[in-house]
Amino acid sequence: DAKTTQPTSMDCAEGRAANLPCNHSTISGNEYVYWYRQIHSQGPQYIIHGLKNNETNEMASLIITEDRKSSTLILPHATLRDTAVYYCIVRNRDDKIIFGKGTRLHILP
Amino acid sequence: GAVVSQHPSWVICKSGTSVKIECRSLDFQATTMFWYRQFPKQSLMLMATSNEGSKATYEQGVEKDKFLINHASLTLSTLTVTSAHPEDSSFYICSAGQETQYFGPGTRLLVL
């Protein structure tokens, strides 16, 4: 079973920041938080991951709470191409990935 | 990030035939690859773990004799759907990676 809880769907206006929450209250000390997204009819795309520090790359920022029980993926300036299902995954780095239902993000023009 | 390819991208076959799907890691070696299946409007479901040089590990409920997995080299894993039936029609996706998993573009299978 997936170890995370995400909202089923979210809307965000184009050009605004999209903030996608994820709860992972049972995360263990050596588990990372990974984010992937799946655009329609494509394979999942890796976005970002972190252990306990906040992380930023060219795609997004990942904010992890101090107790590590929740995190937020931030897309700073959402575009229509960011419309996708976003998956928050908790895993050890060598473990298989078990997908939950994710959040369907709609970017509105 | 690392690149994972799949071939073919789509395939149509007749019921009762077998179909082979390839998954390749293009710029790294992968001792382990994973195979997933996705039905319309559903999430990805892990089918099996492909292990280079040893037998694949199948998830509960996945028939190993129907979904044959061969990890012949450090860059190639194949999934063969044997005696395919219409209910096997699905989107098949593989992943590979060392610490971060990267996913292939998927193979859409339609069994008539």
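Residues numbered from 1 in each chain as written. Chains lettered and ligands numbered in written order. Predicted model: local features only at pLDDT ≥ 70, side-chain atom pairs only at ≥ 80, totals over all residues. Heavy atoms only, no water.

Chemist: Tell me about the overall build of chain B, and name the residues and values.
Modeler: Scanning chain B for helices and strands turns up zero helices and eleven strands. Secondary structure elements of chain B occur, N-terminal to C-terminal, as β-β-β-β-β-β-β-β-β-β-β. Radius of gyration (C-alpha) of chain B: 13 Å, near the 13 Å computed for a compact globule of 112 residues. In terms of its C-alpha atoms, chain B occupies a principal-axis envelope of roughly 35 × 25 × 20 Å. Classification of the 112 residues of chain B by burial places 53% in the buried group. Counted over contacts in chain B with a minimum sequence separation of 6, partners at least 24 positions apart contribute 52%. With an accessible surface of roughly 5,600 Å², chain B has 52% of that area assigned to carbon and sulfur atoms. (Helix = DSSP H or I, 4+ residues; strand = E, 2+ residues; numbered from the N terminus. Rg over C-alpha atoms; globule rule 2.2 N^0.38 Å. Buried < 20%, exposed > 50% of the residue type's maximum accessible area, 1.4 Å probe, protein only. Contact = heavy atoms within 4.5 Å. Areas by Shrake-Rupley, 256 points an atom, 1.4 Å probe, with all protein chains shown as cover.)

Chemist: Go over the sheet that holds strand E4 (residues 45-50) of chain A with me, naming the residues and quoting the values.
Modeler: Residues and elements named next belong to chain A. The sheet built from five strands is open, its strands ordered E1-E9-E8-E3-E4 with mixed pairing. One side of each edge strand has no neighbouring strand; the edge strands of this open sheet are strand E1 (9-13) and E4. Averaged over all adjacent pairs, the angle separating strand axes in this sheet is 25°, with direction ignored. Inspection of the sheet shows strand E3 (residues 32-38) paired to strand E8 (residues 84-91) by seven bridges, in the antiparallel sense. Bridge pairing in E8 links tryptophan 35 to cysteine 88. (Pairing = 2+ DSSP bridges. Axes fitted to C-alpha atoms, helices over the stretch in contact; angles between N-to-C directions.)

Chemist: Which residues make up a nonpolar patch on the surface, and what values do they have?
Modeler: Judged by side-chain polarity, Trp10, Ile12, Leu110 and Leu112 of chain B come together as a nonpolar surface patch covering roughly 460 Å² of accessible area. Its relative accessible area of 47% is what places isoleucine 12 of chain B among the partly exposed residues. (Patch = residues over 30% accessible without salt bridge, like charges linked within 9 Å, V, L, I, M, F, W, Y side chains within 5 Å. Salt bridge = Lys/Arg side-chain N within 4 Å of Asp/Glu carboxyl O.)

Chemist: Before we move on, can you summarise the state of the cysteines with the specific residues and values?
Modeler: Tallying each qualifying case throughout the model produces two disulfides over all chains. Here cysteine 22 of chain A is linked by a disulfide to cysteine 88 of chain A, with a sulfur-sulfur distance of 2.1 Å. On the sign convention where negative is left-handed, the bridge of cysteine 22 of chain A and cysteine 88 of chain A, at about -80° about the S-S bond, is left-handed. Of the two residues, cysteine 22 of chain A sits in strand E2 (residues 18-23) while cysteine 88 of chain A sits in strand E8, which places them 66 residues apart along the sequence. One exposure class covers both cysteine 22 of chain A and cysteine 88 of chain A, and it is buried. Free of any disulfide, cysteine 12 of chain A has its nearest neighbouring cysteine sulfur in cysteine 22 of chain A, separated by 18 Å. For cysteine 12 of chain A, a relative accessible area of 7% puts it in the buried group. No disulfide involves cysteine 13 of chain B; its sulfur sits 19 Å from that of cysteine 94 of chain B, the nearest cysteine. (Disulfide = S-S within 2.5 Å.)

Chemist: With reference to specific residues and values, describe the interface of chain B and chain A.
Modeler: If you look at the interface, chain B gives 18 residues, while chain A gives 19 residues. Between chain B and chain A the total buried area reaches about 1,400 Å² when both faces are included, carbon and sulfur atoms providing 52% of it. Counting every contact that joins chain B to chain A gives two salt bridges. Taking the shortest distance from any N to any O, the salt bridge between lysine 96 of chain A and glutamate 59 of chain B comes out at 2.9 Å. The tally of links from chain B across to chain A stands at eight residue pairs in polar contact (both at pLDDT 80 or more). Mapped by element, the contributors of at least two residues to the side of chain B that touches chain A are strand E4 (32-38), strand E9 (90-96) and strand E10 (102-103) of chain B. The biggest single contributor to the side of chain B that touches chain A is E4 of chain B, with three residues. (Buried area = accessible area lost by both parts, 1.4 Å probe. Polar contact = N/O pair within 3.5 Å; in protein donor to acceptor, adjacent residues only side chain to side chain.)

Chemist: Any details on the layout of surface pockets? Residues and values, ideally.
Modeler: Here the largest pocket defines a volume of roughly 670 Å³. Along its surface, the largest pocket is lined by 27 residues, and His40 and Arg104 of chain A together with Gln38, Lys41 and Gln42 of chain B are the ones closest to its centre. Top element by residues in the lining of the largest pocket is strand E9 (residues 103-108) of chain A. It accounts for four residues. Across the lining of the largest pocket, the residue classes break down as ten nonpolar, 13 polar and four charged. In this structure, the second largest pocket occupies an estimated 290 Å³ of space. (1 Å grid on protein atoms, 1.4 Å probe; cavity = no way out; pocket = protein on both sides within 12 Å on 5 of 7 lines; lining within 4 Å. Points joined across faces, edges and corners; volume = space filled by probe spheres on them. Nonpolar A, V, L, I, M, F, W, Y, C, P; charged D, E, K, R; others polar.)

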